[in-house]
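Results of the structural survey
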Amino acid sequence: MSAKILYGKEFAAQIKESARIEIEKIKNKFNVTPGLAVIIVGENPASQVYVRNKHKSCEELGIKSVVVEMPESTTKKELLAKIDELNADKTIHGILVQLPLPNAIKSYSDEILNRIDPMKDVDGFHPMNVGKLVTGTPALVPCTPAGCIEMLDLAGIPIDGKHAVIIGRSNIVGKPMLHLLMARHATVTVCHSHTKHLAEITREADILVAAMGKPQFVKADMIKPGAVVIDVGINRIEPKKLVGDVDFEAAVEVASAITPVPGGVGLLTVAMLMKNVVTAVKLQIGA
Ligand code: NAD
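Right, let's walk through the structure included here. (Residues numbered from 1 in each chain as written. Predicted model: local features only at pLDDT ≥ 70, side-chain atom pairs only at ≥ 80, totals over all residues. Heavy atoms only, no water.)

Brief notes about the overall build of the protein
Selection criterion: Runs of H or I in DSSP of at least four residues are treated as helices and runs of E of at least two as strands, each being numbered from the N terminus. Radius of gyration: C-alpha atoms only; globule rule: 2.2 Å multiplied by the number of residues to the exponent 0.38. Per-residue accessibility, obtained with a 1.4 Å probe over protein chains only, is compared with the maximum for each type, and a residue is labelled buried under 20%, exposed over 50%, and partly exposed between these values.
Within the protein one finds eleven helices and eleven strands. At 19 Å, the protein has a C-alpha radius of gyration in line with the 19 Å of a compact globule built from 287 residues. Taking the principal axes of its C-alpha atoms as reference, the protein extends roughly 50 × 45 × 35 Å. For the protein, buried positions account for 47% of its 287 residues.

Some remarks on the packing of aromatic side chains
Put simply, the rule reads: Each Phe, Tyr or Trp ring (for Trp, its six-membered ring) is paired with any other whose centre lies within 6.5 Å, and the angle between the two planes then decides the class: stacked below 30 degrees, edge-to-face above 60, tilted in between. Placement of a positive charge over a ring is assigned whenever Lys NZ or Arg CZ falls within 6 Å of the ring centre and within 35 degrees of the normal to the ring plane.
Inspection of every chain in the model, using the stated rule, returns zero aromatic pairs. The cationic tip of Lys76 hangs over the ring face of Tyr108; the distance from NZ or CZ to the ring centre is 4.6 Å.

Remarks on the side chain of Asn129
Let me state the cut-off plainly: Contacts: residue pairs with any heavy atoms within 4.5 Å of one another.
By the element assignment, Asn129 lies in helix H6 (residues 127-135). On the accessibility criterion, Asn129 (3% relative accessible area) is buried. The contacts of Asn129, once residues within four sequence positions are left out, are Pro118, Asp121, Gly124, Ala139 and Leu140.

Some points on the nonpolar core
Selection rule: Among the buried residues, those of types Ala, Val, Leu, Ile, Met, Phe, Trp, Tyr and Cys that are joined through side-chain atoms within 4.5 Å form a nonpolar core.
Core analysis: the largest hydrophobic core is formed by 54 residues, its most contacted members being Leu36, Leu181, Ile207, Val209, Ile230, Val232 and Met274. With eleven residues, helix H11 (residues 265-285) is the largest single contributor of residues to this core. Setting aside anything within four residues of it in sequence, one finds Ile230 in contact with Cys148, Met151, Leu152, Ile207, Leu208, Val209, Ala210, Thr259 and Val265. Ala3, Val165, Ala210 and Ala227 belong to the second-largest nonpolar core, a separate cluster that totals 19 residues.

Some points on the pattern of salt bridges
Side-chain pairs of opposite charge can arise whenever the charged atoms involved come near each other. Applicable threshold: The rule for a salt bridge is simple: a side-chain nitrogen of Lys or Arg has to be within 4 Å of a carboxyl oxygen of Asp or Glu.
Scanning the model with the defined rule gives eleven salt bridges in all. Measuring nitrogen to oxygen at the nearest pair gives 2.4 Å for the salt bridge that ties Glu22 to Lys282. In this pair, Glu22 is assigned in helix H1 (residues 8-30) and Lys282 in helix H11, connecting sequence segments 260 residues apart. The class of Glu22 is partly exposed, set by a relative accessible area of 22%. Across the pair Arg115 and Asp84 runs a salt bridge, and its minimum N-O distance is 2.9 Å. One end of the pair, Arg115, is in the loop between helix H5 (109-114) and H6; the other, Asp84, is in helix H3 (residues 76-88), and 31 residues separate them in sequence.

What to know about the site of the ligand
Heads up, the condition is: The near set for a molecule or strand comprises every residue that places at least one heavy atom within 4 Å of it. Here a polar contact means two N or O atoms within 3.5 Å. Within protein one must be a hydrogen donor candidate and the other an acceptor candidate, and residues neighboring in sequence count only if both atoms are side-chain atoms. Throughout, the Shrake-Rupley method with a 1.4 Å probe supplies accessible areas, and for residues the shown protein chains are the sole cover considered.
Taken together, 21 residues lie near the ligand, and Arg169, Ser170, Ser193, Ile234 and Thr269 sit nearest. Measuring from an oxygen atom of the ligand, one finds a backbone N or O atom of Arg169 at 2.8 Å. Thr269 is positioned with one of its side-chain polar atoms (N or O) 2.8 Å from an oxygen atom of the ligand. Protein chains bury 73% of the 860 Å² of accessible surface belonging to the ligand in isolation. Broken down by element, the shell around the ligand gets its largest block of residues, three residues, from H11.

Structure follows, in structure tokens:
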């Protein structure tokens, strides 16, 4: 058996197209052009690529995109002042601070992210948005896990009643994924670095989400035959080679559907950001 490969490109195109239609409606009906500001501090090459991709997607869809480049030496006070300025800017509906921050201000990441107006928090990291997700009234939801759910829906893969196992409990992926899957009536198990007998648990999964950041860690014998495997991991193993957290070549023979890396979940993340910008505009203009 060889699994169906869930290419992010086709799903991302569908998500972006529906965002584009919404943006056109907002422009026509409310005379508002959605605006996204991305703050990048320092010169992390991976972050620069991510920011460029976000900028490009905005331009494709008719979102005004502002990239705020701040030097490595930026202080917490300067960054907070910039966020305050963007919070007050009526032409900006979404704000995100590209992570990771430089070492000198990294420890203030929470304080910095919490300064973003929750209605403009298109990354969905503000405690207010996290709280809404947990209590079942989601507003702005982290893009990567939200993209995984959207992909399952678009691929016609049922979630209700399934056993989903997530490897990883980060605030960015694992934890929001738990709440999104639970809200869709999956039975969810979250595994992490202290989990014992990991393979026994992953072998129970109808839907297995790998979000641990360990290259090709999930082997074929950790996957139940016929399971749906979502590989969130992005790991650089050679200067030009990216792999996921799943041993794709082997897993593709066991799973019923699987996302590739690259070309899988990563593309959905940017598409969902565009969707979150639309949601943020609607929240702010009361559409
Ligand atoms: P993280 O380092 O914050 O969290 C990793 C999690 O994996 C932790 O909860 C840890 O307990 C768990 N873990 C680590 N080793 C483990 C082990 N041996 N057994 C079981 N659990 C283990 O990482 P993150 O920010 O959640 O990112 C995870 C991966 O997803 C990374 O490769 C990252 O690059 C990728 N990522 C991709 C996207 C995307 O757009 N596709 C977005 C965010 C993160």
